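Structural overview for review
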Amino acid sequence: MSVRTTEEAEPGAEDGRAGAAARKREQHGWYFYDFACSVYSTSVLTVFLGPYLTAVAKAAADSEGYVHPLGIPVRAGSYFAYTVSVSVIVAVLIMPLVGAVADRTGRKKPLLAVTAYTGAAATAGMFFLDGDRYLLGGLLLVVANAALAVSMVLYNAFLPQISTPDERDTVSSRGWAFGYTSGALVLLLNLVLYQGHDSFGLSEGEAVRICLASAGLWWGAFALIPLRRLRDRAVVREPGAGPAVSGWRQLVATLKDMRRYPLTLSFLLAYLIYNDGVQTVISQASVYGSEELELEQSTLIVAVLLVQVLAVVGALGMGRLARAYGAKRTILGSLAAWGLTLAAGYFLPARTPVWFFALAAMIGLVLGGSQALSRSLFSHLVPAGKEAEYFSAYEMSDRGLSWVGPLVFGLTYQVTGSYRDAIISLVFFFALGFVLLARVPVRRAARAAGNPVPERI
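Below is a short write-up of the structure.

Rules used in this analysis
- Residues numbered from 1 in each chain as written.
- Predicted model: local features only at pLDDT ≥ 70, side-chain atom pairs only at ≥ 80, totals over all residues.
- Heavy atoms only, no water.
- Helix = DSSP H or I, 4+ residues; strand = E, 2+ residues; numbered from the N terminus.
- Rg over C-alpha atoms; globule rule 2.2 N^0.38 Å.
- Contact = heavy atoms within 4.5 Å.
- Patch = residues over 30% accessible without salt bridge, like charges linked within 9 Å, V, L, I, M, F, W, Y side chains within 5 Å.
- Areas by Shrake-Rupley, 256 points an atom, 1.4 Å probe, with all protein chains shown as cover.
- Salt bridge = Lys/Arg side-chain N within 4 Å of Asp/Glu carboxyl O.
- Axes fitted to C-alpha atoms, helices over the stretch in contact; angles between N-to-C directions.
- Parallel < 35°, antiparallel > 145°, perpendicular 65-115°, else oblique.
- Left-handed = near helix turned anticlockwise from the far one by under 90°.
- Expected span 1.5 Å × (residues − 1).
- Bend = angle between axes of the 7 residues up to and from the residue.
- Buried < 20%, exposed > 50% of the residue type's maximum accessible area, 1.4 Å probe, protein only.
- Core = buried A, V, L, I, M, F, W, Y, C linked by side-chain atoms within 4.5 Å.

What follows is about the overall build of the protein chain. Along its length, the protein chain carries 19 helices and four strands. Here the protein chain has a C-alpha radius of gyration of 22 Å; the compact-globule value for 457 residues is 23 Å, and the two agree. For the protein chain, the spread of C-alpha atoms along the principal axes amounts to about 65 × 45 × 40 Å. At a minimum sequence separation of 6, the contacts of the protein chain that also span at least 24 residues come to 84%.

Written out as structure tokens, the structure is:
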């Protein structure tokens, strides 16, 4: 059974200028959690930690190149990928439970604080990752990655409570823009330190450890802003609403409840498919650049920075388009642009950085907007009082279930021996996602969930 917030039970509680001002204050605070945590995704997970933790694992490996966490033989070169997979499993176990507790108690903010500072502390602790401490690195990665995923469930669940239906696309887009802005800024500072480590009297390893730890300090410092400005809503427990149960049981209960809203499930299926394509492009673009296009590491890092900068423009620009044409149409347009971008990537010439930068620019312009508008569109399809519970399923689609794309990419390369064939195979995810999303009647889905329908959706 569900619970409702008192404001959902009593519409109009925040009407008037005072209510609008309070809502804007919360929105501004909410933006800053993306600003706080996005540096982890950009600097730590995308750029620095993978190569560094792999090097640490290789330093600890035996003569055959294996490390033995918990007595299990693992190739040092695979240790980072396996650790990321473990962190996803941990997050999948925890997210439904935390989402249910947040909805039943109304205490999203304390839970956000716990998960945010757990992740920030684990990231800051990566400063001590040196020598052959691969087990420490793996533990910190699992804790930080899982904490980030769970915190995003709580963060996203605030969106329907701090914005009116007509504001939601804009608010979600601005949140993503704030995140990409901080990611670009901190990555630029990190690159200055990393490239000039000798002039700062640091070894390369010391510079990387400072870059890793600084992301944790940034995360923790700027998380203070949303934690000061966001506020919890009291809940009115409906008869029969029981206590939270184990993660898997809660996940099953959530999915069973979602069967009452088949149009919401239809959107989630479309999102799962096209987002799998998005996540695979993000994770495999550097492999395509280095292995197929024979580009230098410095070129790839600059390309990541370019994506971050242009994703800000893309998120804000697509937010404006959504106000004019609706979120669904704008997302469909972005999926078409993703397909064209991958088709262009297939024909890129090798050893030509300028064309790879052009590809990165195209990715950046559609990346932020497609993610931001998907989040805001889903928020219209969530029944009131179940925001955190439903966003746990959404976050699992975003982070926990994006494995089919990498599998298709890897199998295509294994069969054809061509990364060009592998990258073009991902067009399937955007084409199928486009078809499935086009078939979802989002206005009817919002009404079926009991939500007001904005003029354009």
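Attention now moves to a nonpolar patch on the surface. A cluster of nonpolar side chains, namely F127, F128, L136 and I210, defines an oily patch on the protein surface of about 320 Å² accessible area. Mapped onto the fold, L136 is located in helix 5 (residues 134-157).

Before going further, it helps to spend a moment on the packing of helix 4 (residues 108-124) against helix 5. Direction vectors running N to C along helix 4 and helix 5 enclose 155°, while the axes themselves pass 8 Å from each other. Judged by the inter-axis angle, helix 4 sits roughly antiparallel to helix 5. Crossing handedness for the pair helix 4 and helix 5: left-handed. On helix 5, the residues touching K108, L111, L112, T115, A116, T118, G119, A122 and T123 of helix 4 are L140, V143, A144, A147, V150, S151, L154, Y155 and A157.

Let us now look at helix 3 (residues 79-105). When the terminal C-alpha atoms of helix 3 are compared, their 38 Å separation across 27 residues agrees well with the 39 Å that a helix rising 1.5 Å per residue should span. Taken as a whole, helix 3 carries its principal kink of about 30° at I94; the proline P96 stands between one and four residues after it. The positive-phi residue at the C-terminal boundary of helix 3 is G106, with phi of around 75°.

The terminal C-alpha atoms of helix 14 (residues 353-380), which comprises 28 residues, lie 41 Å apart, in line with the 40 Å expected from a rise of 1.5 Å per residue. Most of helix 14 is tucked away, with 21 of its 28 residues classed as buried.

Of all hydrophobic cores here, the largest spans 68 residues; its most connected members are W30, Y33, L49 and W219. A total of 16 residues in this core trace back to one element, the largest contributor, which is helix 2 (residues 16-60). Non-local contacts of W219, meaning those with residues more than four positions away in its chain, are made with Y33, A36, C37, Y40, A116, G119, A120, T123, A144 and L148. Counting residues in each nonpolar core, the second largest holds 61 residues, with V312, L342, L348 and L437 among its members.

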